[in-house]
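# Structural features, examined
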Amino acid sequence: MSRIVTVGAAQTGPIQRDDTRAEVVERLVALLRQGADAGCDLIVFPELALTTFFPRWWVEDRAEFDHFFETEMPGPDTRPLFDEAARLGVGFHLGYAELTPEGQHFNTAIVVDRQGTVIGKYRKVHLPGHHDHQPWREFQHLERYYFDPGAGFGVFAGFGGVLGMAICNDRRWSETYRVLGLQGCELAMIGYNTPIHYAPDPSQDVLQGFHNRLCLQSGAYQNGMWVVGVAKAGEEEGCDLLGESAIIAPSGEVRAACSTVGDELAVAECDLGLCANYKDTLFDFGYYRRPEVYGTITAQQGVVVPPDVVAALENSDDDDTGGAT
Ligand code: CDT
């Protein structure tokens, strides 16, 4: 049975450090209206959609950057977005930096229903980059300094289906999709800020677009779910951010995509009923999965080459010089 949710991937262009919340919210409201005109039920905004990607800078006292965080949602600056969405009868997903009353800092996303009520919240689990100042880099990636890690991946009822969220770097980890998939997720919303330049291995720079799609498409297919990947894109404070926002079907096919690195909406009719084509056949988890042999995935964090393999390699005559000279 088909269950159509018309989704808008609302990519934004860059947000500069001096852009005010009010200016940014105005841009989001414009995308929201565009989405409503296009018949969207749900608009998906990027990760940290209200501010510049501030983890690119080091400050000795982290509290100096607390102004990038929201202490309430909606707050005075974001209220217009909630009000306009409710007026239009359109739901949305929004990424932002969250500061809790207990003083915890999270990279957070929420999903809001057509009435303007928050129906789900997610805090980023996989925090990439580093925790210390590394001046050799062109720019920092200090998510491990500014954010506390989230506690897990939940799913939420909304828009007639099972919704899930992940944030940016989470999309590179197959565990993310599988944990969502095991809870029946039918539509995963994933905002991102992905610098094109990856300082630890610049050979990956030209592959950023490929790796983005590779992760989103395989996650969708292997779990029989729609995946909506939405970028904050373009040149932000001298840092080039990947665009290529896309809506991926449970088949792994791209159904809609952005073609610019500015504010842009890509729309697709997502039939949640299509998930069953995969969830009930090739990826019927209940019938085919073998959790009894997957224990390593949760039992250990890093790589452990088994001692017998290490020993065999040490005793081996093989080398990597490419053969006899
Ligand atoms: N925002 C975010 O998670 N960005 C990361 C950059 C990785 S390089 C430190 C990403 O995976 O796209």
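Everything that follows concerns the structure shown earlier in this document.
Criteria and cut-off values
Residues numbered from 1 in each chain as written. Predicted model: local features only at pLDDT ≥ 70, side-chain atom pairs only at ≥ 80, totals over all residues. Heavy atoms only, no water. Helix = DSSP H or I, 4+ residues; strand = E, 2+ residues; numbered from the N terminus. Rg over C-alpha atoms; globule rule 2.2 N^0.38 Å. Buried < 20%, exposed > 50% of the residue type's maximum accessible area, 1.4 Å probe, protein only. Contact = heavy atoms within 4.5 Å. Areas by Shrake-Rupley, 256 points an atom, 1.4 Å probe, with all protein chains shown as cover. Lys, Arg positive; Asp, Glu negative; His and termini not counted. Charge placed at Lys NZ, Arg CZ, Asp CG, Glu CD. Near = heavy atom within 4 Å. Polar contact = N/O pair within 3.5 Å; in protein donor to acceptor, adjacent residues only side chain to side chain. Nonpolar A, V, L, I, M, F, W, Y, C, P; charged D, E, K, R; others polar. Core = buried A, V, L, I, M, F, W, Y, C linked by side-chain atoms within 4.5 Å. Patch = residues over 30% accessible without salt bridge, like charges linked within 9 Å, V, L, I, M, F, W, Y side chains within 5 Å. Salt bridge = Lys/Arg side-chain N within 4 Å of Asp/Glu carboxyl O. Axes fitted to C-alpha atoms, helices over the stretch in contact; angles between N-to-C directions. Parallel < 35°, antiparallel > 145°, perpendicular 65-115°, else oblique. Left-handed = near helix turned anticlockwise from the far one by under 90°.

The subject of this paragraph is the overall build of the chain. What the chain contains, in helices and strands, is 9 helices and 14 strands. Expected size for 325 residues packed as a compact globule is a radius of gyration near 20 Å; at 21 Å, the chain falls within 12% of this value. The principal-axis extents of the C-alpha atoms in the chain amount to approximately 70 × 55 × 40 Å. Across the 325 residues of the chain, 50% fall into the buried class. Partitioning the contacts of the chain with sequence separation of at least 6, the portion at a separation of at least 24 is 70%. For the chain, the accessible area works out to roughly 15200 Å², and carbon and sulfur atoms hold 51% of it. Placing the 24 positive and 47 negative side-chain charges of the chain at their respective mean positions leaves the two points 6 Å apart.

Turning our eyes to something else, we now look at the site of the ligand. Neighbouring the ligand are 14 residues; K124, C168, N169, R172 and T194 lie closest to it. Between a nitrogen atom of the ligand and a side-chain N or O atom of E47, the distance comes to 3.0 Å. Residue N169 places a side-chain N or O atom 2.8 Å away from an oxygen atom belonging to the ligand. By residue class, the composition of the shell around the ligand is 4 nonpolar, 5 polar and 5 charged.

Formed by 46 residues in total, the largest nonpolar core has its most connected members in V7, L42, L187, V227 and I247. Membership of the second largest hydrophobic core comes to 24 residues, among which are A10, C40, A49 and L94.

A word on a nonpolar patch on the surface. On the surface, V303, V305, V309, V310 and L313 cluster together into a nonpolar patch covering about 460 Å² of accessible area. Given a relative accessible area of 80%, V303 falls into the exposed group.

Direction vectors running N to C along helix α4 (residues 174–181) and helix α5 (residues 208–223) enclose 30 degrees, while the axes themselves pass 9 Å from each other. Between α4 and α5, the angle is such that the two are roughly parallel. The crossing of α4 and α5 is right-handed. Residues Y177, R178 and G181 of α4 touch α5, and the partners they reach there are C215, L216, G219, Q222 and N223.

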